[in-house]
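Examination of the molecular architecture
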Amino acid sequence: MKKLGETSDLTLFISDLHLCASRPHITAAFLQFLQNTASQSNALYILGDLFEYWAGDDDVADTHHQTIISAFLTLADAGVSVYFMHGNRDFLISEIFCNVANITLLPDPTLITLHGKKVLLSHGDDLCTDDEAYQQFRVQVRNSAWQAEFLSQPLQARKHQIETIRLRSEQEKSLKSAEIMDVNQAAVEGLLKAYDYPELLIHGHTHRPNQHHIHLDGHNITRWVLGDWYEQGSYLVCDQHGCKSVALNKTASKI
Ligand code: LP5
Ligand code: MN
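Moving on, we come to the sheet that holds strand S2 (residues 43–46). Strand pairing in a sheet is mediated by backbone hydrogen bonds. Such pairs are either parallel or antiparallel. The six strands are arranged S4-S3-S2-S1-S10-S11 in an open sheet whose pairing can be described as mixed. In this open sheet, the two edge strands, each paired with only one partner strand, are strand S4 (104–106) and strand S11 (242–247). Pairwise comparison of adjacent strand axes, ignoring direction, gives a mean angle of 25 degrees for this sheet. Against the sheet, helix H1 (residues 24–36) engages strand S1 (11–14), S2 and strand S10 (234–239), with an angle of about 170 degrees to S1.

The protein atoms that coordinate the manganese ion (ligand 2) are Asp49 (OD), Asn88 (OD1), His123 (NE2) and His205 (ND1), at distances of 2.1 to 2.3 Å. Here the donor residues of the manganese ion (ligand 2) are spaced in sequence according to D-x38-N-x34-H-x81-H. Of the two residues, Asp49 sits in the loop between S2 and helix H2 (63–77) while His123 sits in the loop between strand S6 (117–122) and helix H4 (132–141), which places them 74 residues apart along the sequence. This pair shows no difference in class: Asp49 is buried, exactly as His123 is.

So, about the environment of Thr74. Position of Thr74 among the secondary structure elements: in helix H2. Considering only alpha carbons, one finds Thr74 and Ser39, 35 residues apart in sequence, at a separation of 8.9 Å.

To continue, consider the state of the cysteines. Evaluated as defined, the whole model comprises one disulfide. Covalent S-S linkage joins Cys238 and Cys243, the inter-sulfur distance amounting to 2.2 Å. Here the disulfide of Cys238 and Cys243 is right-handed, its torsion about the S-S bond being about 105 degrees. When its relative accessible area of 25% is taken as the criterion, Cys243 is described as partly exposed. Looking at Cys98, it has no disulfide partner, and the nearest cysteine sulfur is the one in Cys20, 20 Å off. Relative accessible area serves as the criterion here: at 0%, Cys98 is assigned to the buried category.

Glancing now at the packing of aromatic side chains. Applying the stated criterion across every chain yields a total of 12 aromatic pairs. Aromatic pair Phe33 and Trp229: ring centres 5.6 Å apart, planes at 80 degrees, arrangement edge-to-face. In this pair, Phe33 sits in helix H1 while Trp229 sits in the loop between strand S9 (219–225) and S10, placing the two residues 196 residues apart along the sequence. Take Phe33: its relative accessible area is 2%, and that puts it in the buried class. By relative accessible area, which is 0% here, Trp229 ends up buried. Where Tyr134 meets Phe137, the ring centres are 6.3 Å apart and the plane angle is 45 degrees; that geometry is what we call tilted. Placement of both Tyr134 and Phe137 in helix H4 is noted, with a separation of three residues, approximately one turn of the helix. Taking relative accessible area as the criterion, Phe137 reaches 27% and is therefore assigned partly exposed.

Near ligand 1 there are 24 residues, and of these Arg89, Asp131, Glu172, Lys173 and His205 occur at the shortest range. Here Asn88 contributes a side-chain N or O atom positioned 2.8 Å from an oxygen atom of ligand 1. Between an oxygen atom of ligand 1 and a side-chain N or O atom of Glu172, the distance comes to 2.7 Å. For ligand 1, the accessible surface in isolation is 1,000 Å², of which the surrounding protein chains cover 89%. Breaking the shell around ligand 1 down by element, the ones donating at least two residues are H4, helix H5 (144–151) and helix H6 (155–175). At nine residues, H6 tops the list of elements feeding residues into the shell around ligand 1.

As paired elements, S2 and strand S3 (residues 81–85) share four bridges and run parallel to each other. By the bridge assignment, Leu44 is partnered in S3 with Val82. Where S3 and S4 come together, three bridges link them in parallel fashion. Residue pairing in the sheet places Met85 in a bridge with Leu106 of S4. Between the parallel elements S3 and S4, the chain passes through helix H3 (residues 95–101) in a crossover that is right-handed.

Parameters and conventions
- Within any chain, residue numbers begin from 1 and follow the written order of that chain's sequence.
- To label them, take the chains in the order written and letter them from A, then take the ligands in the order written and number them from 1.
- Only residues with pLDDT of 70 or above have their local features reported here, since the model is predicted, and side-chain atom pairs are shown and tallied only from 80 upward, although totals for entire chains, interfaces and linings are computed over all residues.
- Hydrogens and waters are ignored; side-chain quantities use all the structure's heavy atoms.
- By definition, two strands form a pair when at least two bridges between them are found by DSSP.
- Helix and strand assignments come from DSSP, with helices taken as H or I runs of at least 4 residues and strands as E runs of at least 2, each series counted from the N terminus.
- To get an axis, fit a line to the C-alpha atoms, keeping to the stretch in contact for a helix; angles then go from 0 to 180 degrees between the N-to-C directions.
- The contact criterion used throughout is that any non-hydrogen atoms of two residues lie within 4.5 Å.
- Donor atoms: N, O and S within 2.8 Å of the metal, or within 3.2 Å for Na, K and Ca. Because water is excluded, sites can look incomplete.
- Throughout this description, buried means an accessible area under 20% of the type-specific maximum (1.4 Å probe, protein chains only), exposed means over 50%, and partly exposed covers the range between.
- Count a disulfide wherever a pair of cysteine sulfur atoms falls within 2.5 Å.
- Two rings from Phe, Tyr or Trp (for Trp, the six-membered ring) form a pair when their centres sit within 6.5 Å of each other. Planes less than 30 degrees apart are called stacked, planes more than 60 degrees apart edge-to-face, and all others tilted.
- Put simply, a residue is near a molecule or strand once any heavy atom of it comes within 4 Å of that molecule or strand.
- N or O atoms closer than or at 3.5 Å make up a polar contact, with two conditions inside protein: a donor-capable atom paired with an acceptor-capable one, and, for residues adjacent in sequence, both atoms drawn from side chains.
- Here the accessible surface of atoms and residues is derived via Shrake-Rupley with a 1.4 Å probe, and residues count as covered only by protein chains that are part of the display.
- A clockwise path from the first strand over the helix to the second, with the strands pointing away from the viewer, defines a right-handed crossover.

The structure is reproduced here in structure tokens:
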């Protein structure tokens with residue numbers, strides 16, 4: 001057990017928790033994970049879709065959101081650095097929320113160095129270039145003028161619009177092939193080249209947890225895909241010896 005002030009060489013990566021008040025067992029599993037596992041680490045990276053959706057920072061007063069913020073503050077008190085990257089569900093989380101929760105907002109992608117290795121982090125939706133309808137939608141909602149107009153509406157009106165988009169998204173996803181909704185290999189390779197062949201690429205979004213070995217221009221690269229927390233929570237843990245994926249105990253966390 002790590003004592004206060006002690007450092008750890010464990011770094012954890014999670015994504016796609018999709019936390020919301022209507023799935024309290026997942027929130028409970030996440031809080032348990034922060035308390036029992038993340039508290040023993042040096043840093044926790046959350047690579048997007050922490051929340052089912054984020055309608056704007058004025059939703060911060062919500063009791064469910066307050067519970068999550070308190071847990072982050074407790075983790076910061078234990079000396080753990082928490083980093084957050086936007087996903088396609090919670091890209092409206094602002095720097096202000098991150099300051100309140102004592103977490104650091106990272107751009108997508110972000111290159112870090114871990115035990116001397118270059119590690120590239122991304123949510124992963126940007127790599128799904130075959131999903132043209134989604135990419136068009138993404139351009140629209142990531143536009144700052146569009147966001148300012150959206151955020152100028154009352155919170156309830158925004159939530160209502162998000163529900164409409166979610167229904168439309170679910171309908172359209174049911175008509176898309178699994179291949180279209182996966183990352184595009186050329187997009188992955190382009191990103192790896194642009195970042196000068198990092199040893200690791202870690203991302204989420206596709207909900208297809210796996211470890212892919214890529215041989216590119218004479219470089220051996222591992223692409224780790226993080227799992228979602230719909231059925232069972234999981235995380236990637238890395239130390240000086242390497243990385244491994246760990247599934248949380250289904251029964252204990254009641255997922
Ligand atoms: O999230 P996931 O994995 O289920 O699906 C994604 C893509 N869908 C989305 C939409 C989100 O799931 C729901 C909305 C998030 C809330 C964001 C808050 C702020 C924005 C507010 C917007 C009003 O990201 C899905 C991909 C899938 O990943 C796999 O990669 O396929 O993409 C879609 O299904 C998108 C559709 O193909 C196109 C949707 C067009 C909707 C156009 C309506 C525009 C009108 C906007 C004004 C109200
Ligand atoms: Mn996502």
